[in-house]
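An overview of the molecular structure
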Amino acid sequence: MTGVIGAGAFGTALAISLSQDGDPVTLWARNADHAAAMRAGRENAARLPGARLPDSLSVTADITALPATGPLLLAVPMQQLRAMTTQHAAVLAGRRVVACCKGIELSTGLGPSGVLAQTLPDSTHALLTGPGFARDIARGLPTAMSLACADHDVARALQTALSTANLRLYRTPDTAGAEIGGALKNVIAIACGAAMGAGLGESARAALMTRGYAEMQRLALARGARAETLAGLSGFGDLTLTCTSEQSRNYAFGLSIGRGATFDTRITVEGAATARAVDDTARDMALDMPITGVVVALIDGRIDMSRALDMLLSRPLKEE
Ligand SMILES: NC(=O)C1=CN([C@@H]2O[C@H](COP(=O)(O)OP(=O)(O)OC[C@H]3O[C@@H](n4cnc5c(N)ncnc54)[C@H](OP(=O)(O)O)[C@@H]3O)[C@@H](O)[C@H]2O)C=CC1
Ligand SMILES: O=C(CO)COP(=O)(O)O
C-alpha cells in the first residue's frame, strides 16, 4: 500500500497513476475541506483540475489513516519539507519515505536528502525526481523519471513498487547528483523563460541551457556527485523539459520577468528560493555560477533584463 503526503499537483498525479489499476493508495491533504471536496468531486479541482481520481484512491485529512506499511511519498514543496516532516515525525519514523520535491532549502543549503537525514534519522530515504509534468502523469502519458536511493535493495523494491505501465522509473544510488539536477534545472528554466519573454530568441535559450548545465555539473561534482547522473533523466532530461515548455511554472515565471508582467505569487515556483540558496552556496564554495547569480538579481529586482544580458555577455571569453 502506498501513501502520498501532500495533495498538490504532483502528489495527486502520483496517487492517480499508482491507483490506476485498482491498487489501493491513500492521499493525505493537510486541509480537511480540501480533502472533503476531493472525495465528493473525485477530482482535485484546486491543484489538478480535470483529472479523475480512481475508485481505489482514498483521500484523507487524517495523517494516521495513511497505510501502516509500504512507501510514503512526500510531495510538498522543498521549503515546506522540514516543517512537514518535523510535524509528522511520529507517523514517518521508521518508514520508507520518498521525497518528491525539487529544490534546495534556503535556510540550510540542504537538499531533500539532507533535510530528511536531520528530521527523520530513523527512516529510509529515497528521492523521486526527473522530467514529468503532473498533468502528463495523471493522464497516463508515457513518462520516465529517476528513483535515487543509496541502499541498493531498497532502490530496487521502490523502483518496482512505484513504476507503472506508463511511468517508468530508472534507479540510481547517486542521490546528491539527482537532487542537484532537479533543483538547478528550475533555476535555469527561470533564466530561459526570462530570455524568451524578453524576445532574445531560441539561440539564446540554447546557450543558457548549455551553460546552465555546466553550472549544474560544477555544483554537483563539487558535492561528490557523478557526472553521468547529470547527463540522465534527473539532470539533462528535466532541464530539457522545463526549459522548453510553458507548462513549467518556473519557465512561466521567467517568461513573466522577461515580459515585465506580473505573476501569481500563489503558484509554486521552486527555482526562486533555490536560486538564492545555490547562490549562497556557490559563494561559500567559490564556484562560478553566473546564470544563477543573474537569476537571483532579476528575482530580487536589483537588475533589469538589459543589465542581465550585459552581465552574462561581458564576461571574459574562455574555453568551453
Ligand atoms: N507539478 C509538477 O508537474 C511536478 C512537481 N514536482 C515537485 O513536487 C513538489 C510539489 O509540487 P506541486 O505538487 O506541483 O505543488 P503544488 O503547489 O501543486 O502543491 C503543493 C502542495 O503541498 C501542500 N503543502 C504545502 N506545505 C505543506 C505542509 N507543511 N504540510 C502538508 N502539505 C503541505 C499544499 O497544501 P495546500 O493545498 O493546503 O496549500 C499543496 O497541496 C515540488 O517540489 C515540485 O518541484 C516534481 C515533478 C513534477
Ligand atoms: O519539475 C517539473 C517537471 O519535471 C515541473 O516543473 P515546474 O515546477 O516548473 O512546473
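In this text the structure is predicted, and so the values were computed from the model without any measurement.

Before going further, it helps to spend a moment on the overall build of the protein. Each helix and strand counted, the protein has 15 helices and 10 strands in total. Evaluated residue by residue, the protein yields a buried proportion of 50% over its 320 residues.

In the numbering adopted here, UniProt assigns the feature "active site" (unreviewed entry) to K185. Along the chain, K185 turns up in helix α8 (residues 175-197). With 33 C-beta atoms counted inside 10 Å, the residue K185 sits in the buried group. Residues in contact with K185, not counting those within four places in the same chain, are D238, L239 and T242.

Turning our eyes to something else, we now look at the domain arrangement of the protein. Domain assignment breaks the protein into domain 1 (2-173) and domain 2 (183-314). Inter-centroid distance (C-alpha atoms) of domain 1 to domain 2 is 25 Å. Residue-level contacts link 20 residues of domain 1 with 20 residues of domain 2. By residue number, the principal contributor to the side of domain 1 that touches domain 2 is strand β9 (residues 143-148), which donates three residues. Here the side of domain 1 that touches domain 2 is composed, by residue class, of nine nonpolar, eight polar and three charged.

Attention now goes to the site of ligand 1. The full set close to ligand 1 counts 26 residues, and G8, F10, Q80, C101 and T268 are the nearest of them. Those elements that provide at least two residues to the shell around ligand 1 are α1 (9-19) and α3 (78-87). Broken down by element, the residue count for the shell around ligand 1 peaks at four residues, all from α3. Split into classes, the residues belonging to the shell around ligand 1 amount to 13 nonpolar, nine polar and four charged.

Now for the UniProt feature "binding site: NADPH" (unreviewed entry) in the protein. Under the UniProt annotation, "binding site: NADPH" (unreviewed entry) lies at F10, R30, K102, A134, R249 and E270. In sequence the annotated residues extend across 261 residues, and in space they extend as well, their farthest C-alpha pair lying 22.6 Å apart. Structurally, R30 is set in the loop between β2 (25-28) and α2 (32-41). Relative to the helices and strands, E270 is located in helix α13 (residues 270-285). Residue E270 is classed as buried on the basis of its 24 C-beta neighbours within 10 Å.

Further remarks concern the nonpolar core. If you look at the biggest cluster of nonpolar residues, it comprises 99 residues, and the most contacted ones within it are L74, I188 and A191. Examining the composition of this core, we find that 14 residues originate from one element, α8, more than from any other. For this core, the two domains that each supply at least three residues are domain 1 (2-173) and domain 2 (183-314). Beyond its immediate stretch of four places on either side in the chain, I188 contacts L208, M209, G212, L239, C243 and I291.

The next thing to look at is α3. Taken together, the buried positions of α3 are M78, L81, R82, M84 and T85. Those residues of α3 that are buried lie in contact with β1 (2-5), β6 (72-74), α4 (89-92), β7 (96-99), α5 (112-119) and α13.

Reading guide: rules and limits
Every residue gets a number counted from 1 within its own chain, in the order that chain's sequence is written. The naming scheme follows written order: chains are lettered A onward, ligands numbered 1 onward. Selection of residues for local features in this predicted model requires a pLDDT of at least 70, selection of side-chain atom pairs for listing and counting requires 80 or more, and totals for whole chains, interfaces and linings are taken over all residues. Put simply, DSSP H or I for four residues or longer makes a helix, DSSP E for two residues or longer makes a strand, and each gets a number counted from the N terminus. Comment: burial labels come from other C-beta atoms within 10 Å of the residue's own C-beta, placed from the backbone, where a count of 20 or more is buried, 12 or fewer is exposed, and between is partly exposed. UniProt positions are given in the numbering used here, feature names are shortened, and annotations may be inferred rather than shown by experiment. Distance between backbone-placed C-beta atoms decides contact: two residues are in contact if it is within 7 Å. By convention here, the domain bounds are inherited from an automatic or database domain assignment. Side-chain classes follow a simple rule in which Ala, Val, Leu, Ile, Met, Phe, Trp, Tyr, Cys and Pro form the nonpolar group, Asp, Glu, Lys and Arg form the charged group, and the remainder, Gly included, forms the polar group. By convention here, the C-beta atom is placed from the backbone, and a residue is near a molecule or strand when that atom is within 6 Å of it. A set of buried Ala, Val, Leu, Ile, Met, Phe, Trp, Tyr and Cys residues, joined to one another through C-beta atoms within 7 Å, is what we call a nonpolar core.

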